[in-house]
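Structural characterization, general
One-letter residues, chain by chain:
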Amino acid sequence: MGKTDKTVRIILAVLIAILYFTNVISGTLGIILLALAAVFVLTSLISFCPLYAPLGINTCSVKK
């Protein structure tokens, strides 16, 4: 997972958390989005997205 991918995931997670805790989003949708935000943070911290492997996606640039 590349640096840009990690940054975008963290920003989205923070944005979702802010929207949830300020009650802009709530209910079932809010809980689902909050869980998605947690997954974004987790995958950013471990630098691996389980969906990328089967799809053959690589966002990490290779240094030569």
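Residues numbered from 1 in each chain as written. Predicted model: local features only at pLDDT ≥ 70, side-chain atom pairs only at ≥ 80, totals over all residues. Heavy atoms only, no water.

**Comments concerning the pattern of salt bridges**
In this structure the tally under the stated criterion is 1 salt bridge. Residues R9 and D5 are paired through a salt bridge, measuring 3.2 Å at the closest nitrogen-oxygen approach. A residue pair is termed a helical-turn pair when its members lie 3 or 4 positions apart in one helix, as R9 and D5 do in helix α1 (residues 3–21) at 4 residues. When its relative accessible area of 14% is taken as the criterion, D5 is described as buried. (Salt bridge = Lys/Arg side-chain N within 4 Å of Asp/Glu carboxyl O. Helix = DSSP H or I, 4+ residues; strand = E, 2+ residues; numbered from the N terminus. Buried < 20%, exposed > 50% of the residue type's maximum accessible area, 1.4 Å probe, protein only.)

**Overview of unusual backbone geometry**
Leaving glycine out, the prevailing phi sign among residues is negative, and the prevailing peptide bond configuration is trans. With phi around 60°, N23 is a residue other than glycine that occupies positive phi space. Here N23 shows up in the loop between α1 and α2 (27–46).

**What to know about the side chain of T43**
Along the chain, T43 turns up in helix α2. Given the relative accessible area of 5%, T43 is considered buried. In this structure T43 touches M1, R9, F48, C49 and P50, once residues within four positions along its chain are discounted. (Contact = heavy atoms within 4.5 Å.)

**Observations regarding the packing of aromatic side chains**
According to the stated counting rule, one finds 1 aromatic pair in the structure shown. An angle of 80° between the planes, with centres 5.2 Å apart, marks the rings of Y20 and F21 as edge-to-face. A relative accessible area of 23% places Y20 in the partly exposed class. The exposed category is assigned to F21, whose relative accessible area is 61%. (Phe/Tyr/Trp six-rings, centres within 6.5 Å; stacked < 30°, edge-to-face > 60°.)

**Considerations on the nonpolar core**
If you look at the biggest cluster of nonpolar residues, it comprises 5 residues: A13, I16, I25, A37 and F40. Listed by contribution, the elements that provide at least two residues to this core are α1 and α2. Residue contacts for A37: discarding those within four places in its chain leaves A13 and I16. (Core = buried A, V, L, I, M, F, W, Y, C linked by side-chain atoms within 4.5 Å.)

**A closer look at α2**
With 20 residues, α2 should reach 28 Å at 1.5 Å per residue; the first-to-last C-alpha distance of 29 Å fits that figure. G30, A37, F40, T43 and S44 are the residues of α2 that are buried. In an axial view of α2, the angular spread of the buried residues amounts to 150°, which keeps them on one side of the axis. Every exposed residue of α2 that faces more than 90 degrees away from the buried side is listed here: T28, I31, I32, L42, L45 and I46. Looking at the buried residues of α2, the elements they touch are α1. (Expected span 1.5 Å × (residues − 1). Arc of directions from axis to C-beta.)

The values reported here are purely geometric and, on their own, carry no functional implication.
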